[in-house]
Amino acid sequence: MRSTHYRRLCLAPLAVLLALAMPAHAWWNAEWTIRKKITIDPGAEARITEPIGWAVVLLRLHEGNFAFASAKEDGSDLRFIAADDKTLLPYHLEKIDPLLNEAFVWVKVPEIKPGAPTTFWMYYGSNSPIATTDAKATYDADTVLVYHFAEHGSAASDSTTNANNAQNPATASDGTIIGTGLRLDGKTTVKLPESASLTWSEGSPITWSAWVKPAVLQPRAVLFSRREGGNAVLIGVDNGVPFFEVTNPAGTQRSPAGEPLAAGVWRQLAVVFSGPKAALFLDGTSYATLDAALPAMKSAALLGGDVPEGSPDGAPAVAGFSGELDELQISKVARTPSALKFAAVCEGTTEQATKLIAMGNDEESGHGGAEGELAKHLSLISDISKSLTFDGWAVIFLCTVLAIVGWVVTVMKVLYLNKIGKATDAFLKEWKHLAADLGSLDHGDAQSVKSLGGKASSKVQKVMRPSPLYHIYQIGSSEIQHRLSNAREGFVGLSGRSMQAIRATLDGGLVREVQRLNSQLVFLTIGIAGGPYLGLLGTVIGVMITFAVIAKSGAVEVNSIAPGIAGALLATVAGLAVAIPALFAYSYISSRIKDAISEMQIFIDEFVAKIAEAFPSGD
């Protein structure tokens, strides 16, 4: 048990030193020189109280929150790491423009809970990275189509694994709510493909969402249409009022009207089918509901207008939407209201969006540490240590041993002094009651002596046991007991010679207690005196070797001298790092030991006076 306790005390200062030297968070990869903490708090501003689960988060990077000059122009050095600083998060770049200092990045975050913030890291600043952007891995298997509309002159490309690319190109619109979007003129449509992933069965769940900005408020402006046989689903804006229609053999149902939209303003529309119910959401908030199930269809769908069933191929769209469209997503599951609300706030440009996702300051390190003066100093010391000679390393090793020994002695001494301080306080409290009548103590009974005449319980005796005063008291009581038991003609008191003998014995006990208190302090004095000398020895040897190398090479310049001198001075720093803490610790411990010695000396004088009074001489 004692050896185990000693090992723990030895390891304690090492753990403290390592904790102080290590950065607050481990650095994922030393090749990346900059990182930034990103915090998502859906409960604070978005007021989301239900679980969200995984989510694809949009990060808007600009010159105010991202150092474009420190990153690769194509963004290939971007990496997103989970809060554990180990797990890579899937992401993809929709757009990056180093000239305009603008980028849009989509990151898949595995778990977002409303009760607590979610954090992850963005790393960049690597010299030779390989791009890991992967749109296919960013979305889950239930997301069947995602159009960012970032293409110019080509058809919209599906960012999911389903390859549901648009069948014809359309007019791109720069500067939409998220980079590039789709411009619709009310006549031209974009055809979505027929595919297995876009096939709807009757009553199946789906989620359709997009950002829309009407150029004008038109009657029955259709955004999305899908028809097959007698079934149809239409989504649009009627004179500013968002709506969706469901047609089946039983007839056509339309969602009830609500507050109209304003022209020229971006809003997010979402329609969710879940069994026999359907709902329309505006900016993540419920707008209208309808008792209608999704009809079965596998035909192609249209964006930007509607071509009624039976119209000839190539017929122009009717009731088309005029305005802009961005971020179309279709899923084969019914997304929860909390997920829709989160997406609407996250992808928007309101003040809520800036507070939902907070980006911390850049943390820089070329050596895997966090930003800050301590990390910078540690980095410099790491560079300097590369110039250390073998002699310097030997000196630093010896200084490390001295430092460890010094910290162990300090911890053990402080714990010991605290322990005897508590014990002494407990003893003095009991001694006050006994000192008034020391003669009542039965010195023939050892248990009576230990319990201070029966006044101290076994629990108090256990607390008092480490006290030096308690030890001295027991020594004095033993001397009295010895004289009581050896009195031949009856005990008649303590003579002057007996008092001198008892004091001498008590002084001997005092010396032994002082030795116990001062034990192992020599290791601190060795650290105080020896640390600087060891450091100076390492520095002198390092300087000698540096000048010897310069003399042989003949290269006399700052760049050839400075590394060697800096490395040599590191030995002196190590020596001082040993001596200064040891000096402070020694001064503190010595002052407490002096107080303990003073208490023992005062107690001896008081004890001798009390026994002289309690056992007066018969002379």
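Our structure's up above, just so we're on the same page.
Chains are numbered independently. Their residues run from 1 in the order of the written sequence. Only residues with pLDDT of at least 70 are given local features in this predicted model, and only at 80 or more are side-chain atom pairs given and counted; all residues enter the totals for whole chains, interfaces and linings. Side-chain measures here rest on the full set of heavy atoms in the structure, leaving out hydrogens and waters.

## Here's the deal with the overall build of the protein
So, point 1. Secondary structure counts use DSSP, requiring at least four H or I residues in a row for a helix and at least two E residues in a row for a strand, with both numbered from the N terminus. Across its full length, the protein holds 12 helices and 21 strands.
So, point 2. Within the protein, the proportion of its 619 residues that are buried is 44%.
So, point 3. Taking contacts inside the protein between residues at least 6 apart in sequence as the whole, the part at least 24 apart equals 73%. With a 1.4 Å probe rolled over the protein chains alone, any residue whose accessible area is under 20% of its type maximum counts as buried; one over 50% counts as exposed, and the rest are partly exposed. Any two residues whose heavy atoms approach within 4.5 Å are treated as being in contact.

## Some details on the environment of Gly542
So, point 1. Among the structural elements, Gly542 can be located in helix α11 (residues 521-553).
So, point 2. Here Gly542 falls in the buried class, since its relative accessible area comes to 6%.
So, point 3. Each C-alpha atom of the pair Gly542 and Ala571 lies 8.7 Å from the other, and the pair is 29 residues apart in sequence.

## Quick word on the pattern of salt bridges
So, point 1. Here, a salt bridge means any Lys or Arg side-chain nitrogen found within 4 Å of an Asp or Glu carboxyl oxygen. This structure, assessed with the given rule, holds 16 salt bridges.
So, point 2. Between Arg35 and Asp85 there is a salt bridge, with its nearest N and O atoms 2.8 Å apart. Of this pair, Arg35 sits in strand β1 (residues 34-40) while Asp85 is found in the loop between β3 (79-82) and β4 (91-97), placing the two residues 50 residues apart along the sequence.
So, point 3. Glu363 serves as the salt-bridge partner of Arg35, at 2.9 Å between the closest nitrogen and oxygen.

## Brief notes about unusual backbone geometry
A negative phi angle characterises most non-glycine residues, just as the trans form characterises most peptide bonds.
So, point 1. Even without a glycine there, the phi angle at Phe149 is positive, about 60 degrees.
So, point 2. With respect to the helices and strands, the residue Phe149 is situated in the loop between β7 (143-147) and β8 (171-176).
So, point 3. Relative accessible area serves as the criterion here: at 4%, Phe149 is assigned to the buried category.
So, point 4. Positive phi, close to 55 degrees, is recorded for Ala163, a residue that is not glycine.
So, point 5. Among the structural elements, Ala163 can be located in the loop between β7 and β8.

Note that all results are geometric; they support no functional claim without further evidence.
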